[in-house]
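Reading the structure
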Amino acid sequence: MTPAADATISIRKSLLRWYRFNQRALPWRDNASPYGIWVSEVMLQQTQVKTVIPYYLKFMETYPDIHDLAGADLEPILKSWEGLGYYARARNLHKAAGIVVREMEGKVPKDFNQFLSLPGVGDYIASAVQSIAFGRAHAVVDGNVKRVLARLFCLETPVNQGNAHKTFKAVATNLLETRKPGSFNQALMELGALVCTPRSPDCTTCPLAGDCMSFDRGQTDEFPFRIKKKKVPVHHIAVGIVRKNGRVLITRRKLDGLLGGLWEFPGGKVENGEPPDQACVRELREETGIKVEPQAFLTRINHAYTHFKIEMDVFYCNYISGQVTLNGPIDHKWVKIKKLHQYPFPRANLKFMPLIVDEN
Ligand code: SF4
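Residues numbered from 1 in each chain as written. Predicted model: local features only at pLDDT ≥ 70, side-chain atom pairs only at ≥ 80, totals over all residues. Heavy atoms only, no water.

1. Considering the overall build of the protein chain
Along the protein chain, the regular secondary structure elements total 14 helices and seven strands. Seen along its three principal axes, the alpha-carbon backbone of the protein chain occupies a region of about 75 × 50 × 30 Å. Of all 360 residues assigned to the protein chain, the portion counted as buried reaches 50%. Within the protein chain, residue pairs in contact and separated by at least 24 positions form 69% of the contacts whose partners lie at least 6 positions apart. Of the roughly 18100 Å² that the protein chain leaves accessible, carbon and sulfur atoms contribute 49%. The average position of the 48 basic charges and that of the 36 acidic charges among the side chains of the protein chain differ by 2 Å. (Helix = DSSP H or I, 4+ residues; strand = E, 2+ residues; numbered from the N terminus. Buried < 20%, exposed > 50% of the residue type's maximum accessible area, 1.4 Å probe, protein only. Contact = heavy atoms within 4.5 Å. Areas by Shrake-Rupley, 256 points an atom, 1.4 Å probe, with all protein chains shown as cover. Lys, Arg positive; Asp, Glu negative; His and termini not counted. Charge placed at Lys NZ, Arg CZ, Asp CG, Glu CD.)

This is the structure we're talking about:
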């Protein structure tokens, strides 16, 4: 439903006034450069503000300028992203920085479509950076915005449906205060984060309550609509910590795909009916070419990714024989346990790393 013109004006005014007095002090709101705003928006995708803050501060200290990022190696960048997840974001940001420095005189492009053409830049990032950094009138649509709009206008399009972005983008564009698009976009996201929260929206303090259709109808609990998701599959994984001469074996994942470029302990999927320790021996042989023998069970780790979960059994293994010949990973290293922290690892590996001890 399209809001009436007077409701639109009232929502814009109330929201911007509320934002002026209620916005959180965040490091990327403090005179950040277009590059800093870009970094913050990349980190904020799929990740909560309080998680992002320390990562952002450290990242900007290490790579204060786009030239610093473009000139850096990928591995330390992944290390600084370690634990934040969705590592393709870091790889794409690095690639995009290189393009900006080589082909765009090191300046974040002010042209929406040129910016959109960079690796990892989709409609959300482009709209957020262009509106906040350059005052361009592009509406942002993220999870918070969709929820607020669905409740404000009783929109029945499920927020997780394929074409939801298009529908909500049209509504957000219609509502956008084009004279202050950066503040307006941030205000809408901030309202979703602080007031119009997923559960129990605080309608009594909401600046938009007077214009909110779901509040007026007593239906705030019913919005936003969602399509029920299928249950995510659970994969059983076996992983080996192969110890040899005071070092352990780690391998590096291919640069593209899930967790691309990160280091990990080798292993793989347990087949149906296969004992996990035997799966570990088989996977080690297939992936690295070496023969190992399980020595002791270390721990089981549960970890959730976006589309699946894993149960990971971790074994200490004795190295028996063979030279490392990689099938899948792109690199390997025998590393002292006290040096493991120098490499970027996926969060599932970080969960058991503090438990690893040297051989007696
Ligand atoms: Fe959300 Fe309630 Fe405000 Fe409506 S009145 S926008 S449901 S917090």
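We are not done yet, so read on.
2. What to know about the environment of Asp331
Looking at the secondary structure, you find Asp331 in strand β7 (residues 331–336). With 185 residues separating them along the chain, Asp331 and Lys146 place their C-alpha atoms 42 Å apart. Asp331 has contacts with Ile250, Thr251, Arg252, Trp263 and Leu326, leaving out every residue within four places of it along the chain.

3. Notes on the domain arrangement of the protein chain
Per the domain assignment, the segments of the protein chain are domain 1 (5–222) and domain 2 (234–355). Between the C-alpha centres of domain 1 and domain 2 the distance comes to 36 Å. Facing the ten residues of domain 1 at the interface are 18 residues of domain 2. Across the domain 1/domain 2 interface, buried area totals approximately 1000 Å², and carbon plus sulfur atoms make up 49% of it. (Domains from an automatic or database assignment. Buried area = accessible area lost by both parts, 1.4 Å probe.)

4. Quick word on the side chain of Thr299
Structurally, Thr299 is set in strand β5 (residues 291–304). If sequence neighbours within four positions are ignored, Thr299 has contacts with Met312, Asp313, Val314, Phe352 and Leu355.

5. Thoughts on the pattern of salt bridges
Should their charged atoms come close, side chains of opposite charge can pair. Overall, the coordinates contain 13 salt bridges when judged by the stated rule. Here Lys79 makes a salt bridge to Glu82, at a shortest N to O gap of 3.0 Å. Across the pair Glu271 and Arg282 runs a salt bridge whose closest N-O atoms are separated by 3.9 Å. Here the residue Glu271 occupies a position in the loop between β4 (267–269) and α13 (276–288), and Arg282 occupies one in helix α13, the gap between them amounting to eleven residues. According to the relative accessible area criterion, Glu271 is partly exposed, its value standing at 49%. (Salt bridge = Lys/Arg side-chain N within 4 Å of Asp/Glu carboxyl O.)

6. Here we look at the side chain of Asp313
Secondary-structure assignment places Asp313 in strand β6 (residues 309–321). Relative accessible area serves as the criterion here: at 4%, Asp313 is assigned to the buried category. Polar side-chain contacts of Asp313 include one of 2.8 Å to the side chain of His236. Ignoring anything within four residues of it in the chain, the contact list for Asp313 reads His236, Ile237, Ala238, Val239, Pro276, Phe297, Thr299 and Arg300. (Polar contact = N/O pair within 3.5 Å; in protein donor to acceptor, adjacent residues only side chain to side chain.)

7. A word on the packing of helix α9 (residues 143–153) against helix α10 (residues 164–175)
In contact at an axis separation of 10 Å, α9 and α10 are set at 75 degrees when each is read in the N-to-C sense. By the angle between their axes, α9 is roughly perpendicular relative to α10. When α9 is examined against α10, the residues Lys146, Leu149, Ala150, Leu152 and Phe153 are found in contact with a partner set consisting of Phe168, Val171, Ala172 and Leu175. (Axes fitted to C-alpha atoms, helices over the stretch in contact; angles between N-to-C directions. Parallel < 35°, antiparallel > 145°, perpendicular 65-115°, else oblique.)

8. Overview of unusual backbone geometry
That bond from Phe223 to Pro224 is cis: its omega, 0 degrees, falls within 30 degrees of zero. Relative to the assigned elements, Pro224 resides in the loop between α12 (213–216) and β1 (234–244). One non-glycine residue, Tyr86, adopts positive backbone phi at about 45 degrees. Residue placement: Tyr86 occurs in the loop between α5 (74–81) and α6 (88–103).

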